[in-house]
Amino acid sequence: MPRHFNTAGPCRPDWHYMIPAERRLPEASGLVEQAGYFVVHAPRQSGKTTVLRTLAEQLTASGRYAALHFSCEMGEAAGDDFAEAQRSILSSIRRNAEIHLPAELHPPPFPDASSTSLLSAALTSWARTCPRPLVLFFDEIDALRGQSLISVLRQLRSGFPERPTFFPASVILCGLRDVRDYKAASGGTAERLGTASPFNIKVESLRLGDFTAQEVRELYAQYTADTGQPFSEQALARAFELTRGQPWLINALARQITEKLAIPLNEPISADHVETAKERLILARATHLDSLMARLHEPRVRRVLEPLLAGTVTTSETYLDDAQYLRDLGLCAPTNPLRVATPLYREVISRVLGET
């Protein structure tokens, strides 16, 4: 990976370090080998897109698969217009295939089909002509709504038995939610999908987790190997304590420290530097923090967070669904007992709620 340098000091690289994708989702390759259809879900800014794109590149580079990552986000504007949503997805597939796949793996011209089968007809045509099994990563799948989401899920489910010769060998749905929650995006009831399990062909649901303390140490050590500037043990411990390994926070803290504070390279990075970076991050209201804090205006978010921070009990009938929603957003930790995901989030939330 090439190094990029800024002007904050001599030989000071911009922050570009990462944990290998195959370690963040170690089960994924095995599920692809089994021709599995599965789900990957994680809160926003968890590094999900980077991991999935890297996995697709590695699978294609192996010479065994034609693997493609693409986003369904353009289909969100279609709402219930499922034909337009499918056209948006197919446009995204073609554009990304032309950029990321060798010419011999590109999809053929998509055939004409009815508005209810545009996607399945296109994927069947591609699978039949592609010299390798197809592996498709549908990122931001839960950006689709209503009939558009229902149509896509049904077509994937109906084509599943025909894989790999006449349909993609492996399909990975990627979004904020586990597949059990997609019925909410379809309009709130399982009946709209015609089944309580909207993607009952899936073999697994994988949650992309946060970094462990050891992975944070490893990530920051990559910077030290490049520059010779170490993080003190106290700095490493404080960074993990504040962020609980949330990938965006871990990297944002590091960028503040190494690119903005411009600490001399012959000076170790201390816990005080981490505290300063935390305050700057909060005051700057970085995009990730700002988008999360905007959720505090939602009644279902306040119904959970206000009693949680006050240490009181809520009796809301929708409490379990609301709590799961906050876990999906990444505002609350995925495990019990229910708690704000990181001390840094808790501090920002307390400040915002205090202001209002």
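Small disclaimer: the values here were computed from a predicted structure and weren't measured.

Here we come to the layout of surface pockets. Volume-wise, the largest pocket comes out at about 720 Å³. If you trace the largest pocket, you find 34 residues lining it, with Gln45, Ser46, Gly47, Lys48 and Trp248 closest to the centre. Listed by contribution, the elements that provide at least two residues to the lining of the largest pocket are α3 (48-61), β2 (66-71), α10 (247-260) and α12 (287-294). Residue composition of the lining of the largest pocket, by class: 14 nonpolar, 12 polar and 8 charged.

Okay, the pairing of strand β4 (residues 170-175) next. With 6 of 6 residues buried, β4 lies mostly within the body of the structure. The alternating pattern of β4 places Ser170, Ile172 and Cys174 and Val171, Leu173 and Gly175 on opposite faces, both of which are buried. Alignment of strand β1 (residues 37-41) against β4, held across 5 bridges, turns out to be parallel. By the bridge assignment for β4, Tyr37 is matched with Val171.

So, on to the confidence of the model for the chain. The pLDDT averaged across the chain works out to 87; a share of 90% of its residues lies at or above 70. Contacts for the low-pLDDT stretch residues 1-10, under 50 throughout, to residues beyond four places or in other chains number 16 contacts.

Among the 6 residues of strand β3 (residues 134-139), 6 are classified as buried, and the element is accordingly described as predominantly covered. Of the two faces of β3, the one carrying Leu134, Leu136 and Phe138 and the one carrying Val135, Phe137 and Asp139 are both buried. Strand direction decides the pairing type here: β2 and β3, joined by 6 bridges, are parallel. Bridge pairing links His69 to Phe137 in β3. By the bridge criterion, 4 bridges tie β3 to β4 in an arrangement that is parallel. When the bridges of β4 are listed, Val135 appears paired with Ser170. Note on the crossover from β3 through helix α6 (residues 146-159) to β4: the handedness is right-handed.

The next point concerns the packing of helix α11 (residues 271-284) against helix α15 (residues 343-355). Two elements in contact, α11 and α15, have axes whose closest approach is 11 Å; the angle formed by their N-to-C orientations is 45 degrees. The pairing of α11 with α15 is recorded here as oblique in orientation. The handedness of the crossing between α11 and α15 is right-handed. For the pair formed by α11 and α15, the contact residues are Lys278, Glu279 and Ile282 on the first element and Leu344, Glu347, Val348 and Arg351 on the second.

Bringing the side chain of Thr60 into the picture now. By the element assignment, Thr60 lies in helix α3. Since its relative accessible area comes to 11%, Thr60 is described here as buried. Every residue in contact with Thr60, bar those within four places of it in the chain, is listed here: Tyr65, Ala66, Ala67, Leu101, Pro102, Leu105 and Arg132.

All chains considered together, the criterion is met by 17 salt bridges. Note that Glu241 and Arg238 form a salt bridge whose closest N and O atoms lie 2.9 Å from each other. Of the two residues, Glu241 and Arg238 both sit in helix α9 (residues 233-243), 3 residues apart, roughly one turn of that helix. Given a relative accessible area of 39%, Glu241 falls into the partly exposed group. Where Arg351 meets Glu279, a salt bridge forms, and the shortest distance between an N and an O atom there is 2.9 Å. Here the residue Arg351 occupies a position in helix α15, and Glu279 occupies one in helix α11, the gap between them amounting to 72 residues. By relative accessible area, which is 31% here, Arg351 ends up partly exposed. It is possible to trace a salt-bridge network through shared partners that takes in Arg238, Glu241, Glu275, Lys278, Glu279, Glu347 and Arg351.

Moving on to the packing of aromatic side chains. This structure, assessed with the given rule, holds 8 aromatic pairs. With 4.8 Å between their ring centres and 80 degrees between their planes, Trp15 and Tyr17 make a pair best called edge-to-face. Of the two residues examined, Trp15 and Tyr17, each falls in the buried class. Ring centres of Tyr17 and Tyr223 lie 6.4 Å apart, and the angle between their planes is 80 degrees; on these two criteria the pair is classed as edge-to-face. Taken together, the residues Tyr17 in the segment before α1 (21-24) and Tyr223 in helix α8 (residues 213-227) connect sequence positions 206 residues apart. Each member of the pair, Tyr17 together with Tyr223, is buried.

This part covers the sheet that holds β3. What the 5 strands build is an open sheet, ordered β2-β3-β4-β1-β5; its pairing is parallel. Of all the strands in the sheet, just β2 and β5 (204-207) have a single pairing partner and so form its edges. The average angle at which neighbouring strand axes cross in this sheet is 15 degrees, direction not considered. Against the sheet, helix α5 (residues 118-129) engages β2 and β3, with an angle of about 145 degrees to β3.

Within the secondary structure, Glu215 is located in helix α8. Despite its burial, Glu215 pairs with no opposite charge, the nearest such side chain being Arg23 at 4.0 Å.

Another aspect to go through is the packing of α8 against α10. Running from N to C, α8 and α10 point in directions that differ by 30 degrees, and their axes come no closer than 12 Å. In this view, α8 runs roughly parallel relative to α10, as classed from their interaxial angle. Considering how the two elements wind past one another, α8 and α10 form a crossing that is right-handed. Residues Val216, Leu219, Tyr220 and Tyr223 of α8 form the contact with α10, whose own contacting residues are Ile250, Asn251, Leu253, Ala254 and Thr258. Taken together, the residues of the contact of α8 with α10 sort by class into 7 nonpolar, 2 polar and no charged.

Reading the values: rules and limits
- Residues numbered from 1 in each chain as written.
- Predicted model: local features only at pLDDT ≥ 70, side-chain atom pairs only at ≥ 80, totals over all residues.
- Heavy atoms only, no water.
- 1 Å grid on protein atoms, 1.4 Å probe; cavity = no way out; pocket = protein on both sides within 12 Å on 5 of 7 lines; lining within 4 Å.
- Points joined across faces, edges and corners; volume = space filled by probe spheres on them.
- Helix = DSSP H or I, 4+ residues; strand = E, 2+ residues; numbered from the N terminus.
- Nonpolar A, V, L, I, M, F, W, Y, C, P; charged D, E, K, R; others polar.
- Buried < 20%, exposed > 50% of the residue type's maximum accessible area, 1.4 Å probe, protein only.
- Pairing = 2+ DSSP bridges.
- pLDDT = per-residue confidence, 0-100.
- Contact = heavy atoms within 4.5 Å.
- Right-handed = clockwise from strand over helix to strand, strands pointing away.
- Axes fitted to C-alpha atoms, helices over the stretch in contact; angles between N-to-C directions.
- Parallel < 35°, antiparallel > 145°, perpendicular 65-115°, else oblique.
- Left-handed = near helix turned anticlockwise from the far one by under 90°.
- Salt bridge = Lys/Arg side-chain N within 4 Å of Asp/Glu carboxyl O.
- Phe/Tyr/Trp six-rings, centres within 6.5 Å; stacked < 30°, edge-to-face > 60°.
- Lys, Arg positive; Asp, Glu negative; His and termini not counted.

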